[in-house]
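These are the residues of each chain, in order.
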Amino acid sequence: MAYLPRVGEVPLSVYYRRGRILKFLVEDYGGVSTKVAGVRPNNILAVRGPYGHGFGLESGKSYMLVAGGSGAPPVINFIRAARKLARTRFTYILGARTADQLFLLKEVEKLGAQVFPATDDGSMGFAGNAVSLAESLLEDSHYDALYACGPESMLESARELAEKKKIRYEGSYVRDVRCAVGICGLCVMEGLGLLVCADGPVFTGEVLAAGIRK
Amino acid sequence: MEGVNTVRRPIDLRAKVGRLQLDSPFMLASGILGNEHSLIMRAYRAGASAVVTKTVFNNARNGYTPPIYFENEYYALNAVGLPGSGVEHFSEELALVKEESKPLIASVGGTSPEEFSGVAQRVIDAGADAVELNLSCPHVAGTGSEIGSKPDLVKEVVLAVRDALPRALIFAKLTPNTHDIGELGKAAVEGGADGLTAVNTLRGTGFDVTLRAPLLSHGYGGVSGHALHPVALYAVQNLRTVLPDTPIIGVGGVYSIEDALEFFIAGADAVQIGTAIRKRGLKIFGELRDDLATRLRNARASDFLKFKKELRI
Ligand SMILES: Cc1cc2nc3c(=O)[nH]c(=O)nc-3n(C[C@H](O)[C@H](O)[C@H](O)COP(=O)(O)O)c2cc1C
Ligand code: FES
């Protein structure tokens, strides 16, 4: 959570951390987030966290990674960790409406990883949505898992695709995170009894299917 | 190991708060995860004997922008601002709670006696087993402790709810932000409350020194957790003295069985748990049940009601 003193706090996703440097992406969805997105050098922004957990990673597996909208940060963290593991393969698809909204594309290229862009208007890379591109790539070769972070509609189609292909699914979900420590209940995954801040934000396909019945 | 000597006597943890029957004295406090049906079910499954929901108002409320919660080892501060989607939507949530054997208590808010009684009527119609009137939230203008610190207003609100619901089980949740909580308790009982919940949070604030900024976006909020415990114990003791026969639920800083037993010594019939859930998770309910059973066994007692009676001083 990033706190602009005396204004308010927004959830954020750190994608780079070394020494005293943190890099993160803040989405401007109005209100406090507009002000946080508007910070200038010498402004003070306080950070608390991190909370929750990211994508699961095992060596020797292959991963299809799909990010959309402002969903790149957790996938970038995953890529950074995955690159250090032996026999671990991944394909990264970054989707957006148009080319100039392909956030943090360069960040991944700097890691030496290949990015497959997908844009709705075809202004860069595959013309169409990121999950359709994932689907066609999954036709050609096998992956052990499909991981996704982005708008909920995208997560839903990614989950369905993984189910169809009978491979592992994990998705990073967004809700109204306020306390961020599992006490207010506002970030509930409705009907599942799960909290995005404390139990997520990444949930596996099995957990999403079973909820608290598990 | 098998053998006649190892057979344990069954331990009966059942508690009673007036007409409210509980399978243990450990209930979930209002505002902690009780805003949605699947979270309420999760609390029951973890062992809560009853759930008090998030406070609901007639209309939707946004609540405050984060930061809404701060905690250190001594206390928590919160100003969530009573967000919710309003009683119409909340009634649908209540109807989705499928737990027949444990009570569901709806926390009811309002800025007028009419709002309190209207919302209470709706949640009872939707299936709530009881209402707890939030006469005590310290950080929202026009409601909570602004009403709840004045005995005549407390009585007026409870009377209005009692009028609308002659047979419903009504608890009044009291504020410690007062010089005489006994007066508030008496007013609630005169208005027709079946029982009392004591207490809600104490008004308080805190600052981040480095940032020179308040810890909560609202500027101030309510103190809960360990620091509230002695305040809540005193409130229960005081209420028990002036109202010897009124059912009382103690709430404030219960983290361990010792904390709960203190409430029973002071005169509470059951306790609610809130802030401790941040650190301990909902599994605290199972742990408290086990710890209470152990205490009963060690005291060669077989049932909680008798054990509690003997604890009283
Ligand atoms: C995050 C949070 C939200 C709360 N929301 C409510 C509420 O909606 N209605 C209410 O009556 N009390 C509310 N309370 C007060 C608790 O129900 C309880 O009275 C208080 O926190 C003291 O108990 P504790 O020390 O075990 O937390 C809230 C407390 C916290 C910490
Ligand atoms: S944001 Fe409060 S429980 Fe998750």
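Conventions used here
For every chain, the first residue of the written sequence is number 1, and numbering continues from 1 along that sequence. Think of it this way: whatever chain is written first is A, whatever ligand is written first is 1, and the rest follow in order. With the structure being a predicted model, the display of local features is reserved for residues of pLDDT at least 70 and the display and counting of side-chain atom pairs for 80 or more, all residues being used for whole-chain, interface and lining totals. Hydrogens are left out, water is left out, and the side-chain values use all remaining heavy atoms of the structure. Any residue with at least one heavy atom within 4 Å of a molecule or strand is counted as near it. Contacts described as polar in this section are N or O atom pairs within 3.5 Å, which, within protein, must combine one atom able to donate a hydrogen with one able to accept it, while residues neighboring in sequence count only if both atoms come from side chains. Under the scheme applied, nonpolar residues are Ala, Val, Leu, Ile, Met, Phe, Trp, Tyr, Cys and Pro; charged residues are Asp, Glu, Lys and Arg; polar residues are all the others, including Gly. By salt bridge we mean one thing: a side-chain nitrogen of Lys or Arg within 4 Å of a carboxyl oxygen of Asp or Glu. Only DSSP runs of H or I covering at least 4 residues are called helices, and only runs of E covering at least 2 are called strands; the numbering of each starts at the N terminus. The cut-offs for exposure are 20% and 50% of the maximum accessible area for each residue type, with area from a 1.4 Å probe on protein chains only; residues under the lower value are buried, those over the upper are exposed, and the others partly exposed. If DSSP finds at least two bridges between two strands, the strands pair. Working rule for contacts: check all heavy atoms of both residues, and any pair within 4.5 Å makes them a contact. Here an axis means a line fitted to C-alpha atoms, over the contact stretch when the element is a helix, while the angle between two N-to-C directions is reported on a 0 to 180 degree scale. Computed with a 1.4 Å rolling probe, the buried area is the accessible surface lost when two parts are put together, summed over both parts. Every helix has an expected span of 1.5 Å times one less than the residues it contains. In this text, buried Ala, Val, Leu, Ile, Met, Phe, Trp, Tyr and Cys residues form a nonpolar core when linked through side-chain atoms within 4.5 Å. Handedness of a crossover is defined as follows: with both strands directed away from the viewer, a clockwise route from the first strand across the helix to the second makes it right-handed.

A. Structural detail: the site of ligand 1. All names here are of chain B. Surveying the vicinity of ligand 1 reveals 22 residues, the closest of which are Ser30, Thr55, Lys173, Gly253 and Thr275. Within the contact set of ligand 1, an oxygen atom lies 2.8 Å away from a backbone nitrogen or oxygen of glycine 225. Here the shell around ligand 1 is built from residues that sort into 7 nonpolar, 13 polar and 2 charged.

B. Structural detail: the pattern of salt bridges. All names here are of chain A. Applying the stated criterion across every chain, the model contains 27 salt bridges over all chains. Where lysine 23 meets glutamate 107, a salt bridge forms, and the shortest distance between an N and an O atom there is 3.8 Å. Of this pair, lysine 23 sits in strand 4 (residues 21–25) while glutamate 107 is found in helix 3 (residues 105–110), placing the two residues 84 residues apart along the sequence. Overall, the relative accessible area of 28% leaves lysine 23 in the partly exposed class.

C. A look at the sheet that holds strand 7 (residues 89–96) of chain A. Residue and element names in this part refer to chain A. Read from one edge to the other, the open sheet built from 7 strands follows the order 9-8-7-6-10-11-14, with strand pairing classed as mixed. Edge positions in the open sheet fall to strand 9 (126–127) and strand 14 (202–204), since each of these has one partner strand only. Summarising the sheet, strand 6 (residues 62–68) and strand 7 pair through 7 bridges and their orientation is parallel. Within strand 7, the position partnered with tyrosine 63 by the bridge is phenylalanine 90. Along the sheet face, helix 5 (residues 152–165) touches strand 6, strand 10 (145–149) and strand 11 (168–172) and points at about 175 degrees away from the line of strand 10.

D. Highlighting the interface of chain B and chain A. Listed by partner, the interface residues are 28 residues for chain B and 30 residues for chain A. For the pairing of chain B and chain A, the buried interface totals around 2200 Å² over both sides, and the portion due to carbon and sulfur atoms is 64%. The largest per-residue losses of area from chain B upon contact with chain A belong to Arg42, Pro66 and Leu211 of chain B, which jointly make up 24% of the total buried on that side. Across the chain B-chain A interface, the total number found is 1 salt bridge. Here arginine 42 of chain B makes a salt bridge to aspartate 199 of chain A, at a shortest N to O gap of 2.8 Å. The tally of links from chain B across to chain A stands at 14 residue pairs in polar contact (both at pLDDT 80 or more). Elements supplying a minimum of two residues to the side of chain B that touches chain A: helix 1 (37–46) and strand 13 (213–214) of chain B. If you tally residues by element for the side of chain B that touches chain A, the top one is helix 1 of chain B, at 6 residues. Within the side of chain B that touches chain A, the residues separate by chemical class into 14 nonpolar, 9 polar and 5 charged.

E. Structural context of helix 7 (residues 229–242) of chain B. All names here are of chain B. Over its 14 residues, helix 7 extends 20 Å from the first C-alpha to the last, a length consistent with the 20 Å expected when each residue adds 1.5 Å. Among all positions of helix 7, only His229, Ala232, Leu233, Ala235, Val236, Asn238, Leu239 and Arg240 are buried. On its buried side, helix 7 packs onto strand 9 (170–174), helix 6 (181–191), strand 10 (195–198), strand 15 (248–251) and helix 8 (257–266).

F. Focus on the nonpolar core. If you look at the biggest cluster of nonpolar residues, it comprises 146 residues, and the most contacted ones within it are Val123, Leu133 and Ile273 of chain B. Judged by nonpolar contacts, the second largest core, of 28 residues, contains Tyr63, Leu65, Val75 and Leu94 of chain A.

G. How the structure looks around the pairing of strand 7 (residues 104–108) of chain B. Residues and elements named next belong to chain B. Burial runs high along strand 7: 5 of the 5 residues are buried. A two-sided burial pattern is seen for strand 7, the buried positions comprising Leu104, Ala106 and Val108 on one face and Ile105 and Ser107 on the other. When strand 4 (residues 51–52) meets strand 7, the two strands line up parallel, connected through 2 bridges. Residue pairing across strands places valine 52 opposite isoleucine 105, the latter belonging to strand 7. Direction of pairing for strand 7 relative to strand 8 (residues 130–134): parallel, over a ladder of 4 bridges. Bridged to valine 108 within strand 8 is leucine 133. Running through helix 3 (residues 113–125), the crossover from strand 7 to the neighbouring parallel element strand 8 is right-handed.

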